[in-house]
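Here's the letter readout for the chains.
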Amino acid sequence: MAQAEKRPRSFGPHLEKALTGINGLDEVTFGGLPKGRPTLVCGAAGCGKTLFAMEFLVRGATQFNEPGVFMSFEETADELTKNVSSLGFDLNHLVASKLLLIDHVRVERSEIEETGEYDLDGLFIRLEHAINSIGAKRVVLDTVESLFAGLPNPMILRAELRRLFRWLKDKGMTAIITGEKGDNTLTRHGLEEYVSDCVIFLDHRVTDQLSTRRLRIVKYRGSTHGTNEYPFLIEEKGISVLPITSIGLNHPVTTQRISTGIPRLDTMLGGKGYFRGSSILLSGTAGTGKTSVAASFIDAACRRKERCIFFAFEESSAQIIRNMRSVGVDLEPWVTKGLLRFHAERPSVYGLETHLLTMHKALNEFKPAVVVVDPITNLISAGNPIDVKSMLTRLIDFLKMNQITTMFTTLTSAGGPLEQSEVGISSLADVWLFLRDIEIGGERNRGMYILKSRGMAHSNQIREFVLTDKGIDLLDVYVGPSGVLTGSARLAQEAQEKGTELAQQQEIELKKRNLDSKRKALEAQMAALHAELEAGSAEMKRISEQEKERQKRGFEDRKAIALIRKADHESKRGGPK
Amino acid sequence: MKGKSVLNAGKVKKPPGEIWDLKLYVANRTLKSVAAFTNLTRICHEHPEHKYHISVIDIEKSPQLAKRNDIVAIPTLVKTFPLPMRRVVGDLSNTGRVLAGLALHPMIKTDIRVT
């Protein structure tokens, strides 16, 4: 196995990659940017190029001990420092500790007169000086295309830039060159022709009033890479790129089971509860107790001292805590103990991608074992169903990769097709619990059943779902010709059955007594007959003895007669028989 | 070619007292640098109405000066005095543009008095 893996590598030197340290980018690029080569990062104004490049340097300096040179053609060192300080990057400190060097190259067209041939040796020398003075491994040229505005001769510039990129490569610098997006080209001046090892395109789009930043790897020579558009976010700790879907379906699985928090539900699920790391979909109409089931699950997890996150898109954390107390689930101690964290947000505060990212961030920070999202259907207001589905797919993928057991609640609209999760994610769920209203005899009661549960034997029964002040209880429902009976109808049925049973018992008792007396009569009869039989057989014996006696006597008589007649042979013939 | 050279071009023709400060940034002794220097001295000689102080700075030897003075293209000629500061890039072969760039006198009176 190990040999098989190594074989393709032996064909030649593998492309070395430099980890960027940017959240998620290294996964999308399978290990970072090409080491010792320039990478072009392009995009329209305000798409985050400079920040991307700066984070690349800062992460390199702080995480990989690779000092970097930032050559800025637009902003001064001061401006840059201020701009990125909001992201927690302390450039001054990095500069002071010789991990970063910022060189602002100012090219003012109005001050420059071109009088003949020239080259960009000045730039080369400055860059070389900067690289050597801190031993840099990373270089950023932000936005080198401004030179086209400052220097009048594009022919010379092109030749010089080509030389510059070549030179960077020869120096073994992992470089990022940023470029502004052109009309029909990736960059305004066609830099992609010169920097062709890796091209990353950043985009900032607004759809339905929600803005999403996206990143796409246009090309990456000598390496596979994710080809999708990956949403990314500029947040308080820098850029976060998230892979939309994990590359393959290769989640780790476990046979470990965890309790649902409802003993009877555990029984229904093969007696042990959910698999750890599975995704549980809990759907139901309004007011069927979805949040209560979720809260019980969380309560059970916290009792096992596991960390939980509750993403609430409907109620505030205080409201959930108060409401859950009424069903005997007190979540507050877990919050104060730091085992449970609430993330209550309106779905419409930001776009789906941002939701996903904040969730990712919370998950990465808190590292929970159990996550509840209540309800996911509310996210639809933050995007269209297709987007919601893709986002949830990504979220579930992410959670499964991390072995986090997740419960999603979805609200199904009454009257609609019940067995349809609104955002069509039921196929992603390993366990699908369904809560529904059962409306009989002028009252509504709750019923619960398991629609599916992958990989385990589970009950096919509908249970009545009762919320008591001591928690959730699941009871058997009565299934009769009139359908399923719940609530008071069930109680009535119970009483009725008890009555019937009593009557039946009495009847049996009576029958028993009758049978008993009958048996006694028969026994008496049998005794009489027996006596008669015995008398009969005694008589029989006496008769047969009399007969024997008679025969014996007859023989002796004949013997005596024969003796008298002297008949020899006859005496022989007439022996006793 | 490193070092400073003061050219008193124009043989002291009651100068206005101002000495122009010209700095020529070069990198090594490349063809372009040499051409720029010869062109510059030629132009200075052709314009004896000012005094010139020309410094040739090899940024290969002192790269920090390149950063401090924002040098990108080589060769670059910077006029630091009198103000306004002006920059001229290239090997200074286009005399007309050099004169315009340095805000020296217009090139209408083409010089006859060659050095």
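This one's a predicted model, so the numbers in the text were calculated from it and none came from an experiment.

Participant: What is the right way to read the overall build of chain B from this model?
Facilitator: Across its full length, chain B holds three helices and five strands. Written out in order from the N terminus, the α and β elements of chain B read β-β-α-β-α-β-β-α. Looking at chain B as a whole, 46% of its 115 residues are labelled buried.

Participant: Honestly, the overall build of chain A in this entry has me stumped. Any pointers?
Facilitator: Helix and strand content of chain A: 16 helices and 25 strands. Taking all 577 residues of chain A together, the buried fraction comes to 47%. Summarising the internal contacts of chain A: among those between residues at least 6 apart in sequence, 69% fall at separations of at least 24. For chain A, the exposed area adds up to about 29,200 Å²; of that, 52% sits on carbon and sulfur atoms.

Participant: What am I meant to see in the interface of chain B and chain A here?
Facilitator: Reports of interface size often rely on the accessible area that becomes lost once the parts have come together. Each side of the interface is counted separately: chain B has 26 residues, and chain A has 25 residues. In this assembly, chain B packs against chain A so that about 2,200 Å² is buried in total across both faces, 53% of it on carbon and sulfur atoms. Sorting the residues of chain B by area buried against chain A places Lys 67, Val 72 and Val 89 of chain B first, and these three jointly supply 28% of that buried surface. At the surface where chain B touches chain A, the tally comes to four salt bridges. Among the salt bridges present, the one from Asp 70 of chain B reaches Arg 126 of chain A, with a minimum N-O distance of 3.5 Å. Our enumeration of links across chain B and chain A arrives at 16 residue pairs in polar contact (both at pLDDT 80 or more). Breaking the side of chain B that touches chain A down by element, the ones donating at least two residues are helix 2 (63–68), strand 5 (86–89) and helix 3 (95–102) of chain B.

Participant: For this particular structure, what's the right way to read the packing of aromatic side chains?
Facilitator: What describes a pair of aromatic rings is the distance from one ring centre to the other and the angle between the planes of the rings. Residues and elements named next belong to chain A. The full count for this structure, using the stated rule, is five aromatic pairs over all chains. Here Tyr 274 and Phe 297 contribute two aromatic rings whose centre-to-centre distance is 5.1 Å and whose plane-to-plane angle is 90 degrees, an arrangement assigned as edge-to-face. Taken together, the residues Tyr 274 in strand 14 (residues 274–275) and Phe 297 in helix 10 (residues 290–303) connect sequence positions 23 residues apart. Across this residue pair, the class does not change: Tyr 274 and Phe 297 are buried. The lysine or arginine in question, Arg 307, covers the ring of Phe 366, its NZ or CZ lying 4.6 Å from the ring centre.

Participant: Would you mind showing me how to read the packing of helix 6 (residues 121–134) of chain A against helix 8 (residues 154–170) of chain A here?
Facilitator: Residue and element names in this part refer to chain A. Running from N to C, helix 6 and helix 8 point in directions that differ by 20 degrees, and their axes come no closer than 11 Å. With respect to their mutual orientation, helix 6 and helix 8 come out roughly parallel. Relative to helix 8, helix 6 is oriented so that their crossing is right-handed. Of the residues in helix 8, those touching helix 6 at Asp 121, Leu 123, Phe 124, Leu 127, Glu 128 and Ile 131 are Glu 160, Arg 163, Leu 164, Trp 167 and Leu 168. Across the contact of helix 6 with helix 8, the residue classes break down as seven nonpolar, no polar and four charged.

Participant: Could you clarify how one ought to interpret the pattern of salt bridges in this entry?
Facilitator: Between side chains of opposite charge, a pair can form when the charged atoms approach closely. Across all of its chains, the model carries 35 salt bridges over all chains by this definition. Linking Arg 325 of chain A and Glu 332 of chain A is a salt bridge whose minimum nitrogen-to-oxygen distance equals 2.3 Å. Exposure remark for Arg 325 of chain A: the relative accessible area of 40% places this residue in the partly exposed category. Residue classification places Glu 332 of chain A among the partly exposed residues on the basis of a relative accessible area of 36%. Arg 550 of chain A is the partner of Glu 547 of chain A in a salt bridge, and the nearest nitrogen-oxygen pair spans 2.7 Å. Of the two residues, Glu 547 of chain A and Arg 550 of chain A both sit in helix 15 (residues 487–565), three residues apart, roughly one turn of that helix. According to the relative accessible area criterion, Arg 550 of chain A is partly exposed, its value standing at 49%. Salt bridges linked by common partners bring Asp 103, Arg 106 and Arg 126 of chain A together with Asp 70 of chain B together as one network.

Participant: Explanation requested: unusual backbone geometry in the structure shown.
Facilitator: Excluding glycine, residues mostly carry a negative phi; peptide bonds, for their part, are mostly trans. Cis geometry is found at the peptide bond from Asp 374 of chain A to Pro 375 of chain A, where omega equals -20 degrees. Assignment of secondary structure puts Pro 375 of chain A in the loop between strand 18 (370–374) and helix 14 (385–401). Of the consecutive residues Ile 74 of chain B and Pro 75 of chain B, the connecting peptide bond is found in the cis state with omega at -5 degrees. With respect to the element layout, Pro 75 of chain B can be found in the loop between helix 2 and strand 4 (76–81). Positive phi is not limited to glycine here, since Lys 98 of chain A has a value of about 60 degrees. Considering the arrangement of structural elements, one finds Lys 98 of chain A in the loop between helix 5 (91–96) and strand 5 (100–104). At Gln 403 of chain A, a position not held by glycine, the phi torsion is positive, near 60 degrees. Tracing the backbone through its elements, the reader meets Gln 403 of chain A in the loop between helix 14 and strand 19 (405–411). You can call Gln 403 of chain A partly exposed: its relative accessible area is 25%.

Participant: Can you help me understand the sheet that holds strand 15 (residues 279–284) of chain A in this one?
Facilitator: Backbone-to-backbone hydrogen bonds join strands into a sheet, with any given pair of strands oriented parallel or antiparallel. All names here are of chain A. Taken in spatial order, the nine strands of this open sheet run 17-16-18-19-15-20-21-22-23, and their pairing is mixed. Because the sheet does not close on itself, it has two edges, and the strands there are strand 17 (340–344) and strand 23 (471–476). Pairs of neighbouring strands in the sheet enclose a mean axial angle of 25 degrees, with direction left out of account. In the packing of helix 10 onto the sheet, the strands contacted are strand 15, strand 16 (308–312), strand 17, strand 18, strand 19, strand 20 (431–440), strand 21 (443–453), strand 22 (463–468) and strand 23, and the crossing angle to strand 19 comes to about 170 degrees. Of the strands in this sheet, strand 16 and strand 17 are in contact with helix 11 (residues 317–325), which crosses strand 17 at around 125 degrees.

Participant: For this particular structure, what's the right way to read the pairing of strand 3 (residues 38–43) of chain A?
Facilitator: The side chains of a regular strand alternate, residue by residue, between the two faces of the sheet. Residues and elements named next belong to chain A. Within strand 3, six of the six residues are buried, leaving the element largely enclosed by the surrounding structure. Along strand 3, one buried face is formed by Pro 38, Leu 40 and Cys 42 and the opposite face, lined by Thr 39, Val 41 and Gly 43, is buried too. Two strands pair when backbone bridges link them, and strand 3 and strand 8 (residues 174–180) are joined in this way by six bridges, in the parallel orientation. The residue bridging Val 41 from the neighbouring strand is Thr 178, located in strand 8.

Participant: Hey, could you run me through the confidence of the model for chain B in this one?
Facilitator: Detailed conclusions should not be drawn from predicted coordinates in areas where pLDDT is low. Averaged over all residues, the pLDDT of chain B equals 75, while 76% of them reach at least 70. Predicted complex metrics record ipTM = 0.78 and pTM = 0.63.

Participant: Would you explain the side chain of Asp 91 of chain B in this entry?
Facilitator: Inspection of the secondary structure assignment puts Asp 91 of chain B in the loop between strand 5 and helix 3. The buried charged residue Asp 91 of chain B lacks any salt bridge, with Lys 32 of chain B as its nearest oppositely charged partner at 7.9 Å. One polar contact links Asp 91 of chain B to Ser 93 of chain B, side chain to side chain, over a distance of 2.8 Å. What Asp 91 of chain B contacts, discounting residues up to four positions off in sequence, is Thr 115, Gly 116 and Glu 117 of chain A together with Lys 32, Ala 35, Ala 36, Asn 39 and Pro 75 of chain B.

Participant: Even after reading the chapter, I still don't get helix 13 (residues 352–366) of chain A, so can you show me in this structure?
Facilitator: Note: α-helices contain 3.6 residues per turn, so residues at a spacing of three or four share the same orientation. Residue and element names in this part refer to chain A. The end-to-end C-alpha distance of helix 13 is 21 Å, a good match for the 21 Å that 15 residues give at a rise of 1.5 Å each. In terms of burial, helix 13 is a largely internal element, eleven of the 15 residues being buried. All buried positions along helix 13 are accounted for by Leu 352, Glu 353, Thr 354, His 355, Leu 356, Leu 357, Met 359, His 360, Ala 362, Leu 363 and Phe 366. Phi turns positive one or two residues past the end of helix 13, at Lys 367, with a value near 50 degrees.

Participant: Please clarify how the environment of Arg 454 of chain A should be interpreted in this entry.
Facilitator: Residues and elements named next belong to chain A. Tracing the chain through its elements places Arg 454 in the loop between strand 21 and strand 22. Since its relative accessible area comes to 38%, Arg 454 is described here as partly exposed. Between the C-alpha atoms of Arg 454 and Tyr 274, which are 180 residues apart in sequence, the distance is 9.6 Å. Excluding anything up to four places from it in sequence, Arg 454 contacts Phe 275, Ser 427, Leu 428, Ala 429 and Asp 430. A distance of 3.3 Å separates the side chain of Arg 454 from the backbone oxygen of Ala 429, its partner in a polar contact.

Calculation criteria
Residues numbered from 1 in each chain as written. Chains lettered and ligands numbered in written order. Predicted model: local features only at pLDDT ≥ 70, side-chain atom pairs only at ≥ 80, totals over all residues. Heavy atoms only, no water. Helix = DSSP H or I, 4+ residues; strand = E, 2+ residues; numbered from the N terminus. Buried < 20%, exposed > 50% of the residue type's maximum accessible area, 1.4 Å probe, protein only. Contact = heavy atoms within 4.5 Å. Areas by Shrake-Rupley, 256 points an atom, 1.4 Å probe, with all protein chains shown as cover. Buried area = accessible area lost by both parts, 1.4 Å probe. Salt bridge = Lys/Arg side-chain N within 4 Å of Asp/Glu carboxyl O. Polar contact = N/O pair within 3.5 Å; in protein donor to acceptor, adjacent residues only side chain to side chain. Phe/Tyr/Trp six-rings, centres within 6.5 Å; stacked < 30°, edge-to-face > 60°. Lys NZ or Arg CZ within 6 Å of the ring centre and 35° of its normal. Axes fitted to C-alpha atoms, helices over the stretch in contact; angles between N-to-C directions. Parallel < 35°, antiparallel > 145°, perpendicular 65-115°, else oblique. Left-handed = near helix turned anticlockwise from the far one by under 90°. Nonpolar A, V, L, I, M, F, W, Y, C, P; charged D, E, K, R; others polar. Pairing = 2+ DSSP bridges. pLDDT = per-residue confidence, 0-100. Lys, Arg positive; Asp, Glu negative; His and termini not counted. Expected span 1.5 Å × (residues − 1).

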